[in-house]
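Examining the three-dimensional arrangement
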Amino acid sequence: MRDTTPPFATGADAGNDPRVTGVRQRFAAAWAASETPPAKAAAKLADQNKLHVRERIRLLVDEGSFVEDGRFANATATGLPADGVVTGHGTIEGRPVIVVANDPTVKAGSWGSRTVEKIVRATEMALREELPVFWFVDSAGARITDQVEMFPSRRGAGRIFHNEVALSGKVPQICCLFGPSAAGGAYIPSFCDIVIMVEGNASMYLGSPRMAEMVVGEKVSLEEMGGARMHCTVSGVGDLLAQDDAEAIELAKLYFSYVPQNWHSDLPTYDPEEPATPLTRHTVPERESVPFDIRTVIDGLVDEDSFFEIKPLFAAELVIGFGRMAGEPVGIVANNSAVKGGVLFTDSADKASRFIWLCDAFSIPLVYLADVPGFMIGSEVERGGIIRHGAKMVSAVSSATVPQFCVIVRKAYGAGLYAMGGPGFAPDATIALPTARIAVMGPEAAVNAVFANKIAEIADPDARAAYIADRRREYEEDVDLERLAADLVLDQVIEADALREELLHRLRYAHGRDRMWATKRRDVPPV
């Protein structure tokens with residue numbers, strides 16, 4: 001931010017006209033009130049380990065770059081500097097952005113009519129100029145005393161959400177949640193591309209614990225109802241958990257380094273680096289039943305320390321995030337056999353779907369690392385709509401028009417192959433490691449499914465074991481990797497130590513591909 005000295009001459013050289021002097025004095029006072037919170041409010045911030053809104057913005061934008069709008073909103077009122085929200089333009093590493101930041105020292109960051117008008121104008125500027133928006137949320141919600149002025153009209157609070165939806169996929173929207181985001185205001189983070197929550201301070205909820213007790217008779221704490229850790233581990237509404245304001249802002253800037261300015265801008269690029277730990281032929285365990293952390297493969301593919309994982313605490317059986325390969329961003333979707341065997345559940349399907357949509361919106365190529373036994377089965381997941389959630393993931397893969405590469409790391413069974421961008425979904429290439437297997441199901445499950453009655457009829461244990469072994473061998477020969485390559489199911493079979501270079505070549509060649517999908521108004525996804 002720029003020099004915080006009020007831009008008003010109030011000394012002896014200011015002139016002699018009492019009216020003008022009075023104007024200067026009033027504006028200087030309003031400037032000072034919006035610059036520094038009262039002592040009591042400052043003490044409360046310190047007690048909560050929070051930064052003042054202007055300090056947050058100083059950490060975000062390049063020094064001297066912030067230009068504020070509507071600083072004197074509601075200046076004629078008492079105790080409402082800037083009407084509780086700071087909006088304006090700034091740059092981050094030279095890239096222009098829009099900032100919307102609640103001031104929790106002003107009526108707990110609540111919204112009045114001018115608060116809403118400032119936010120609406122900021123989003124309109126973002127739409128007009130196609131600039132990314134950083135949302136710094138710390139708000140108790142609407143001021144009930146102002147509800148008629150700020151809630152129902154055409155330029156009321158609903159217009160904020162309308163504009164956020166219009167911005168979605170057009171520009172990046174990045175949210176740092178430093179405190180509460182209550183009631184209808186909770187939807188501001190939900191429409192953003194990423195939500196970074198400060199543990200211990202951030203919360204999101206449509207109804208407070210007190211309201212829940214009054215309406216539905218539930219006694220619950222704020223943390224259980226809508227705390228940061230709950231949303232980052234259980235609901236999935238939060239993407240990243242930060243320990244304090246400064247870390248949240250740093251994570252937001254790091255995320256921004258992977259995404260473009262808007263939907264038609266080039267991706268940011270950096271100097272290429274080699275992986276920290278290159279892949280070897282021993283990185284991936286050969287036996288599919290041996291679990292391992294797929295991040296070891298990711299780290300061997302991307303430039304050193306460039307993997308930025310999203311939702312690491314939610315649905316951890318699937319790993320998603322951005323990395324750089326030779327300095328250029330890629331999106332990675334990878335099954336993690338170290339968690340629940342890498343089986344896909346409803347949450348992991350949702351997690352993948354939104355990330356695929358995000359990458360497709362901003363022209364970030366996708367690499368799928370498949371080591372998946374399929375989707376979870378059983379009555380519980382069926383009641384939870386696993387077919388619908390799985391169809392959502394398959395829809396996202398199908399409709400994505402960015403370059404997509406499917407790497408079969410070990411196994412890709414059943415609909416898991418489809419969800420991970422398999423051959424039927426027209427990836428730019430399907431590449432297999434020598435450890436790979438592709439089939440409707442694994443050998444053990446297949447033999448049990450097809451020959452269950454025959455196996456039950458064999459009384460002798462040794463004869464039964466020999467029969468099962470023969471059937472498994474036949475099944476494995478039927479889906480042999482060499483046969484799959486010969487039948488053009490696979491475009492390449494390659495050792496792990498050559499995989500990065502193979503993908504780099506293919507990414508370069510796919511760079512200028514056609515991005516058209518289908519001639520229609522829109523699809524109807526199974527959400």
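The rules behind the values
- Residues numbered from 1 in each chain as written.
- Predicted model: local features only at pLDDT ≥ 70, side-chain atom pairs only at ≥ 80, totals over all residues.
- Heavy atoms only, no water.
- Helix = DSSP H or I, 4+ residues; strand = E, 2+ residues; numbered from the N terminus.
- Buried < 20%, exposed > 50% of the residue type's maximum accessible area, 1.4 Å probe, protein only.
- Areas by Shrake-Rupley, 256 points an atom, 1.4 Å probe, with all protein chains shown as cover.
- Lys, Arg positive; Asp, Glu negative; His and termini not counted.
- Charge placed at Lys NZ, Arg CZ, Asp CG, Glu CD.
- Core = buried A, V, L, I, M, F, W, Y, C linked by side-chain atoms within 4.5 Å.
- Contact = heavy atoms within 4.5 Å.
- Phe/Tyr/Trp six-rings, centres within 6.5 Å; stacked < 30°, edge-to-face > 60°.
- Lys NZ or Arg CZ within 6 Å of the ring centre and 35° of its normal.

Per the secondary structure count, the protein includes 20 helices and 16 strands. For the protein, the C-alpha atoms occupy an extent of roughly 105 × 55 × 45 Å along the three principal directions. Across the 527 residues that make up the protein, the buried fraction comes to 50%. A total accessible area of about 24700 Å² is found for the protein, and carbon and sulfur atoms account for 54% of it. Taken together, the 54 basic and 72 acidic charged side chains of the protein have centroids lying 8 Å from each other.

A separate point is the nonpolar core. Residues Phe322 and Val333 are the most contacted members of the largest nonpolar core, which totals 71 residues. The residues touching Val333, leaving out its near neighbours within four places in the chain, are Leu318, Val319, Ile320, Ala352, Phe355, Ile356, Leu366, Val367, Tyr368, Leu369 and Met420. In terms of nonpolar packing, the next biggest core, distinct from the first, is built from 31 residues, Val133, Leu167, Ala228 and Cys232 among them.

Here we come to the packing of aromatic side chains. Throughout the structure, instances matching the rule amount to 14 aromatic pairs. Here the aromatic rings of Phe161 and Phe191 are separated by 6.3 Å at their centres, their planes lie at 40 degrees, and the arrangement is tilted. One end of the pair, Phe161, is in helix H6 (residues 157–167); the other, Phe191, is in the loop between helix H7 (187–190) and strand S6 (194–198), and 30 residues separate them in sequence. Look at Phe451 and Tyr467: their rings are 6.1 Å apart centre to centre, the planes differ by 90 degrees, and that puts the pair in the edge-to-face class. Of this pair, Phe451 sits in helix H17 (residues 443–457) while Tyr467 is found in helix H18 (residues 461–478), placing the two residues 16 residues apart along the sequence. A residue is classified by how much of its surface remains accessible, and Tyr467, at 17% relative accessible area, is buried. Positioned over the ring face of Tyr270 is Arg324, at 4.1 Å from the centre of the ring. A cation sits over an aromatic face here: Arg471 above Tyr467, 4.5 Å from the ring centre.

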